[in-house]
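Each chain is listed here by its residues.
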Amino acid sequence: MWINDTKECGFRGNLDTWVRLLLPMVQPRVYNLQSKQLVKLFSKILQTSEEAMLEDLKHGDVAHTISSAFEESKAVKAVSKSNILIAEVDEFLEKLSGMTREEEQGHHFKQLTQKCTPNDLKMVIRLIKHDLRINAGPKHILAAVHPDAYAAYQTCRDLRAVVQKAASDAGPGAAGSSSGASLDAGGSSSGANLSIAINIMTPVLPMLAEACKSVEQAMKKCPNGMYSEIKYDGERVQVHKKGDEFKYFSRALKPVMAHKVNHFKEFIPDAFPSGEDLILDSEILLVDNRTGKPLPFGSLGVHKQTGYQDANVCLFVFDCMYYNGESLLHMSMKRRRKILEKVMVEIPNRVVLSEQEEIHVPADLTAMMEKVFRLGLEGLVLKNLEGPYEPGKRHWLKVKKDYLFGGAMADTADLVVLGAFYGTGQKGGMKSIFLMGCYDPSYKRWVTVTKVHGGHDDATLARLQTELKMVEINKDPGKIPSWLKANKPMFPDFVTVDPKESQVWEITGAEFTQTEVHTADGISVRFPRVTRIRDDKGWEQATSLPELRELYKKSKETSTFSLSAAASSAASSPTKTDSPTRRGKRGADAAGSPRGSPAKRGAAAASTDDSDSHKRARAKTGPAKPLPDVFLGVQLRMPRGLTEEEVYHFKRYFVGYGGKLLDRRSKETPTHVLQCPDADGASENTPRNGDAVVVDVKWLWDSVKRQRLLATEGYTL
C-alpha cells in the first residue's frame, strides 16, 4: 500500500481511500437503496426483464444479479478491460450518497456503467451494500496498515484518524514503501506503538461479556473480587456530552432514535453538575413511576410507550469512560465506580446508578443469583474489581438462567415447522429461516410462535431443502392457507403443504416472552435455536397452544427459585445439546435413561471404547453431553490416607460434577469433609475445617449416581 499519491510509478494510490473502500461497513455512507430498488434501476439501464432479475435475486446476492444481467444485456455493452480508478469510484459513491431522486440516481449509475466491466459493477454494488464478501474486517485490514492500528481503532472508532496517524508514524519516504507502518525486513514494527486518545463525540467500542456457566467460573475469573450488577433488559446506550452538545450511540455504535433519548439533555446536567465533558456507558429502560420497576423488554418503542401512562425512560448508568478531559479506560473498575458515585447525583426514574454488590465469596454470589431470578430479572453482569475498561473485549461475565447447568434451565417447546424464508448472503436462495408454530384446538388453526435460523449445520440445512414438503408463496397474502393464522410480518416465502405431516423441532431459547407479531396469544421464544429434530414426535405430541400458555405461565413463576433446586431439576432432565440431532424413540429413551454408578460407567467405557459399535454410536449421537453441576458451591477437603487411584477418582468425578476440591495444604475452609480414616485412624474433624459437615464417602457416590446433590442426613458422622 501507499500512503500518498505516487504518480511517479504510474499508480494513484491513497491509503485512506483504500482502507475506507476495503471496509465499507465502517462509518458507512448512507445511500437509501435497497436491493429491489437497485434491481429496478438497473433493469431500466440495461433494458432487461425486472421480473427475471427479481427471480435471480432470490439467491440473495444483488451484486451477482446485476453483474449477470450486465453480461447478458444487448442494450449496454460492458468494456473488456477495466479502466475505472479507485478515486473515481470513491467520488461516485460520495455523490450517490447525496442523491434521493430515482431519475437522478439512474443517470448517475448509467454514466458509471459505461466504464465498467461486469466485475467492476459487481464490486461497486457490494460497496453500496457495505459488504465486499472478502471475509476480512477491520482487524485484518488494519493489521496491514500498522501492528497497533486495530487496537487504536477499537478505542477511538475513527478510521480516518487511525490511518492518518499510521501514515505520520511511518515517517518521510513512506509514500513509496510497501506498508503504511514502519516495518523492518522481518515484518516487525520498528517504530513506537500507535497510540490514539479517546475522542469525545466519537463512539467507543463497548466492553462486552462472555457467558458464565457456574459460580466457580466466576470466582476463578475474578479472584480479587467482583461487582455483581443487575443485568437490565433494556437497550445499551453510550452517552457523549461536550458542553451543551449531546450524542447517544447504540451497542452497534449507531445513533439512538431521538424519542428514546432526547429528553436526557434536561436531566444529565443536573445528574453531573461538575461534568462538562463525559462519556457514559449505560442502559435505558422504561420505568414505572409508581413502583420504580423496569417495564417489559420492547416497551421503549415509540408506539409501545403510549400504552404506559405513568412511566418514564430512565438512564441506568453503570460505567464512565471519560470525564472532564481525562480518559478513565486505564483505571480499575472499582476506581471508575467510585468516581461515578462521587460526581453523580441520582434523579429518581430519570438518571440513576445501576444496582450492584461487591462480591468476594461464592455464597454471596449464589445468593445474588437467586435474588435476581426470584425477581424475574434477566440476570447479572460480573466485573473484575481490578479490571480496566477494554473496548471490544469480552472480559466481563454475564449470568443468565439458560447458561446454567448445561442449559437445562432454558425454556423449550416442541414446535411444528409451518413455513420458511429465503436466507441472505451465503445462504441466499435456500430455505434457512423457519417459521415455527403450534396448534390451537379451540379454533382448529395453527398459530405462529417464532422464527428460527440457528442450530442447523450446513449438511442438515441442505437436506431440509428437499425433505420439508413446502410450496412457494413469496409472502403473498392471498396464498396464505386457511389453516394458518399469521400476521403480515410473518408471511413466509414458503408454506408447509400439510402441518400435520410436517416435522417437529425442539426449540430452546433464553425465555418465553410476549410480542404482538405472533399469533399464539403473543407468546414467543427469545433468542431461539433448534436443539433437536424430534423424529419421535408427530404433531399431536408437539406443544399445543394450551400447553404453551402453561409453559409461559410456569416460566414466570420465580418467587421460590433456588440454585440447589434448579441443580436437582437439571440433573434429573436430559442435558440440552448445542446442535440438533435426529433421534427416534429408541434414541430419546436412551437419552433420558438414568446413568449407572461411576464404577460401572468406567468399566463400560473401558470395555467398549475401542469397539466399532461404540464408535458408530458416538458418531450418530454427536459429542458427549456436559456433566451437570451436582456439587456446585461444595468445597471438599482432600481426605487423608488415599491411594493415587482413589485421588484420581475423586478428582475425576467430584470436580467433573462441579465441585471444588481443596488440597490438604489449602487455607480455605471447606463446606464438607469426607470421612476416610487414614492409617492411624485420625479424625478429619480438625479446627482448620471450621463448621464443615463431616460425611461418609457414600454421600458423594450416591449424589453422582442420582445426578443431584443429596441431603447429608443419614450420611453424617
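All of these numbers come straight from a predicted model, not from anything done at the bench.

Right, let's get into the sheet that holds strand E2 (residues 226-231). Sheet strands line up and pair through hydrogen bonds in the backbone, either parallel or antiparallel. Read across the sheet, five strands follow the order E1-E11-E10-E2-E9 without closing on themselves; strand pairing throughout is mixed. Only two strands of the sheet have a single neighbouring strand rather than two, namely strand E1 (208-211) and strand E9 (356-359). Here the average twist between neighbouring strands, direction ignored, is 35°. Strand contacts of helix H14 (residues 333-343): E2, E9, strand E10 (379-384) and strand E11 (394-400), with the helix running at about 60° to E2, the strand carrying the most contacts. Sheet contacts for helix H15 (residues 362-374): E2, E9, E10 and E11; angle to E10, the most-contacted strand, approximately 150°.

Here the focus is unusual backbone geometry. Phi is positive for Asn-32, close to 55°, though the residue is something other than glycine. With respect to the helices, strands and loops of the structure, Asn-32 is situated in the loop between helix H1 (15-22) and helix H2 (35-45). Notably, Lys-444 is not glycine yet its phi reads approximately 55°, a positive angle. The topology assignment puts Lys-444 in the loop between strand E13 (431-440) and strand E14 (445-452). Judged by relative accessible area, which is 60%, Lys-444 ranks as exposed.

So, about H1. Those residues of H1 lying buried are Leu-15, Asp-16, Thr-17, Val-19 and Leu-21. Here H1 starts with a cap whose side-chain oxygen sits 3.0 Å from the backbone nitrogen of Asp-16, and that cap is Asn-14.

A few words now on the pairing of E10. Most of E10 is tucked away: five of the six residues are buried. By the bridge criterion, four bridges tie E10 to E11 in an arrangement that is antiparallel. Residue pairing in the sheet places Gly-379 in a bridge with Lys-400 of E11.

What follows is about helix H7 (residues 118-128). A large share of H7 lies buried, amounting to nine of its eleven residues. When we look at burial in H7, the residues that qualify are Pro-118, Asp-120, Leu-121, Lys-122, Val-124, Ile-125, Arg-126, Leu-127 and Ile-128. Summarising the contacts, the buried residues of H7 are in contact with H1, H2, helix H4 (62-72), helix H5 (86-96) and helix H6 (102-113). Just downstream of H7, His-130 is the residue with a positive phi angle, here 60°.

This next bit is on the pattern of salt bridges. Here the structure, examined in full by the defined rule, presents 36 salt bridges. Measuring nitrogen to oxygen at the nearest pair gives 3.2 Å for the salt bridge that ties Lys-58 to Glu-55. Accessibility expressed as a relative area gives 19% for Lys-58, which makes it buried. Across the pair Arg-534 and Asp-414 runs a salt bridge, and its minimum N-O distance is 3.9 Å. Here Arg-534, found in the loop between strand E21 (529-533) and helix H17 (545-555), pairs with Asp-414, found in strand E12 (residues 411-422); they are 120 residues apart in sequence, far enough to count as distant. Taking relative accessible area as the criterion, Asp-414 reaches 9% and is therefore assigned buried.

Residues Phe-42, Phe-109, Ile-125 and Ile-128 are the most contacted members of the largest nonpolar core, which totals 32 residues. Looking at this core, the elements with two or more residues in it are H2, helix H3 (50-57), H4, H5, H6 and H7. One finds Ala-271, Leu-278, Leu-340 and Val-351 within the second-largest nonpolar core, a separate group that totals 30 residues.

How each quantity is defined
- Residues numbered from 1 in each chain as written.
- Predicted model: local features only at pLDDT ≥ 70, side-chain atom pairs only at ≥ 80, totals over all residues.
- Heavy atoms only, no water.
- Pairing = 2+ DSSP bridges.
- Helix = DSSP H or I, 4+ residues; strand = E, 2+ residues; numbered from the N terminus.
- Axes fitted to C-alpha atoms, helices over the stretch in contact; angles between N-to-C directions.
- Contact = heavy atoms within 4.5 Å.
- Buried < 20%, exposed > 50% of the residue type's maximum accessible area, 1.4 Å probe, protein only.
- Polar contact = N/O pair within 3.5 Å; in protein donor to acceptor, adjacent residues only side chain to side chain.
- Salt bridge = Lys/Arg side-chain N within 4 Å of Asp/Glu carboxyl O.
- Core = buried A, V, L, I, M, F, W, Y, C linked by side-chain atoms within 4.5 Å.

The values are spatial; any link to function lies outside them.
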